[in-house]
Amino acid sequence: MPARNHTQWKANPGLEPGEWVDSRVYSDQTIFENEVDQIFKRVWVPLCHESELPKPYDFRTASIGGEPIIITRGPDNEVRAFLNVCPHRGMLIERRPSGSFLEGQPSGNPKRITCMFHAWQFDMKGNCVYVAREKEGYQDRLCKEDAGLRRLRCEVKFGGFVWVNLDDNPKIGLEEWAGEPFQCLRENIDAEPLEVFHYHKAIIDTNYKLWHDTNSEFYHDFMHYHNRVTGFNDAYFARKNFAFKNGHVVVGTFEVNYENYEGFESRGELSFPHLPPNQWYMVDLFPGFNFNLRGSALRCDIVTPLGPDKVMIEFRGLGLKRDTPEERQTRINHHNSIWGPFGRNLHEDLIGVAGQGTTMRPGTEPRNILHGRHENQTIHDEIGMRHYYDEWGRWMNRLPNNPDQPWQERNKEDAVAVAE
Amino acid sequence: MHKNGADAASVVRDTIYRATMALDDQKWEDWLGLCEPEFHYAITAFSPEINKDMIYLQGGRKDMETLVRLLPKHNTDHSPLRRHTSVYTVDVDDDAKSATAVSSFVIYQNMLDGVNSHIDSGESRLFLVGKYHDTFKLENGKAKFVKREVRIDNRRLDKGSHWPI
């Protein structure tokens, strides 16, 4: 077909519902605000890894949907999460990304979470233990027992990640939410403690779902030299995608032949526990979290949407806590040669989604984004995205290919089959 | 300092600045020509977020040769990088056979692609801040890199880069 005129360009692409989305889902300010309220403030979000706060009184800060959060490890070794907001006058309590409360701060005592502004202090369970000049100011009208922090649902699970839910009464528990897709990795990542060895972040002018889409499809292999030149073989193309309830997808394993990749070495010797040599599993969790175990290193991507056209992506690499220095070094090399900020693939992936973000700025003309490849659920099938947007439609009560219209379940024969 | 220390320090400075220009101009072979066969390269950073020293990229001379040889086969951001290097210290060993140096650098990205080249091209944006920690072999009046650690302050790296820093 020759280049199309405007009417042709805007027309229904001739695919089935569910096989394309309207680009407004990536660019509309109202849709973005709805996503924050209706999805991100109600789902389980992996905020960090327990190894980032290894000792009692360690803390880590993060945010979900703009709400600042502090995660602490108490003297009882329990990891807890609170809103990082002082109940007095709304000051951000802890400003650093991480640290320890073992030492006192200028306004407060050791072993206390202290708001620097007026020296209110809290223990590791979020109890308010000190209000400066309490009786003088509040007499008996308000006391510290009434001024605890806002506690949040928090669990350490699936390889030691710290999961937080802003909703006190989430639709479902964490195990029911993500247990089934994680089943393929559980004996690998829960066999022994893991440890984060890599962290960096990217802030990209694009929609968060476009990053998750990239993690959900391997058709973009053509962007990467090693993938397109030496990575394609029958076993690779047979690798399957499996859809799970709640919008999650697992990309099944196959054996990677690293000897075909110039400059790479086998990862067999340092495979994660119970993982056959050089195997590769990937879990894509709705609405934007990715766990990617490629033999010797686990990668985790966590998105924090900042606007319809802006996302922060945090990248972590993990190995086994018991690694020798030599083993750790090898894992780091395996991780970063492909996935590091100066590695071969990540740069290209980020250029890809930045380019999509350029064409889908707020105010740009809506257009059709195709998710219609069917290849028997194998590696270049776009089933992952179709399954994701069905779940997105339910949470948002919007049709992904016409977001002004309410969600309608697709016919069973057209819907993505969920793994049992 | 060795009686020839001042001269040796000057040679070290000259090599660091030549390396800066070769890297700016993407003359990778010229850059590797300033490096010994046992050269080791690493980009490192400390993350207060996870409280760890990290290595973002590392390799020996052969690894770097492979890396630069494959660059044309990769898709990459076309915006050139421009390094502003200032040599802070040069310490020449007493035997004048080796030296170490610490240099500060600021790297700007002169936008070509950007987010939208129509808007962004021509603008220079701050890309990286850090220090080079270099080790040299001194021989025949020349200084050659034995080791370079590029210690960057950034952990926010956005699109990153395929290029040696």
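Just so you know, the residues in each chain are numbered from 1, in the order the chain's sequence is written. Numbering of ligands from 1 and lettering of chains from A proceed in the order in which they are written. With pLDDT at 70 or above as the cut-off, local features in this predicted model cover only qualifying residues; side-chain atom pairs require 80 or more to be listed or tallied, and sums for whole chains, interfaces and linings still use all residues. Note that water and hydrogens are dropped before the side-chain values are worked out from all heavy atoms of the structure.

A. Spatial organisation of the overall build of chain A. The secondary structure listing takes helices from DSSP runs of H or I that are at least 4 residues long and strands from runs of E that are at least 2 residues long, numbered from the N terminus. Secondary structure assignment for chain A yields 10 helices and 19 strands. By its C-alpha atoms, chain A is 80 × 55 × 40 Å across when sized along the principal axes. Should any heavy atoms of two residues lie within 4.5 Å, those residues are counted as being in contact. Restricting the contact set of chain A to residue pairs at least 6 apart, pairs at least 24 apart contribute 64%. Surface accessibility follows the Shrake-Rupley procedure with a 1.4 Å probe radius. Residue values consider only the protein chains on display as shielding. A total accessible area of about 17,300 Å² is found for chain A, and carbon and sulfur atoms account for 48% of it.

B. Main features of helix α3 (residues 61-70) of chain B. Exposure categories follow from relative accessible area, calculated using a 1.4 Å probe and restricted to protein chains: below 20% of the type maximum is buried, above 50% is exposed, and the middle band is partly exposed. Listed in full, the buried residues belonging to α3(B) are R61(B), M64(B), T66(B), L67(B), V68(B) and L70(B). Looking at the buried residues of α3(B), the elements they touch are α6 (225-231) of chain A together with α2 (28-33), β1 (35-47) and β2 (52-60) of chain B.

C. Structural view of the nonpolar core. Among the nonpolar cores identified, the biggest contains 115 residues, and F291(A), W392(A), W31(B), I152(B) and I165(B) are the most heavily contacted of them. When residues in this core are grouped by element, the largest group, seven residues, is from helix α1 (residues 5-24) of chain B. An automatic or database domain assignment provides the domain bounds reported here. There are two domains that each give this core at least three residues, and those are domain 1 (10-41 + 180-396) and domain 2 (45-156) of chain A. By size, the runner-up hydrophobic cluster in this structure holds 17 residues, among which are Y57(A), M124(A), C128(A) and V131(A). In this text, buried Ala, Val, Leu, Ile, Met, Phe, Trp, Tyr and Cys residues form a nonpolar core when linked through side-chain atoms within 4.5 Å.

D. Fine view of the domain arrangement of chain A. Residue and element names in this part refer to chain A. As assigned here, chain A comprises domain 1 (10-41 + 180-396) and domain 2 (45-156). The straight-line distance from the C-alpha centre of domain 1 to that of domain 2 is 34 Å. Taken together, the contact between domain 1 and domain 2 spans 13 residues of the former and 12 residues of the latter. When two components associate, each loses some accessible surface as probed by a 1.4 Å sphere; the sum of these losses over both components is called the buried area. Carbon and sulfur atoms supply 61% of the area buried between domain 1 and domain 2, which totals about 980 Å² over both sides. The term polar contact refers here to a pair of N or O atoms within 3.5 Å; inside protein, the definition further demands a hydrogen-donor-capable atom paired with an acceptor-capable atom, and it admits residues adjacent in sequence only when both atoms are side-chain atoms. For the pair domain 1 and domain 2, the interface holds four residue pairs in polar contact (both at pLDDT 80 or more).

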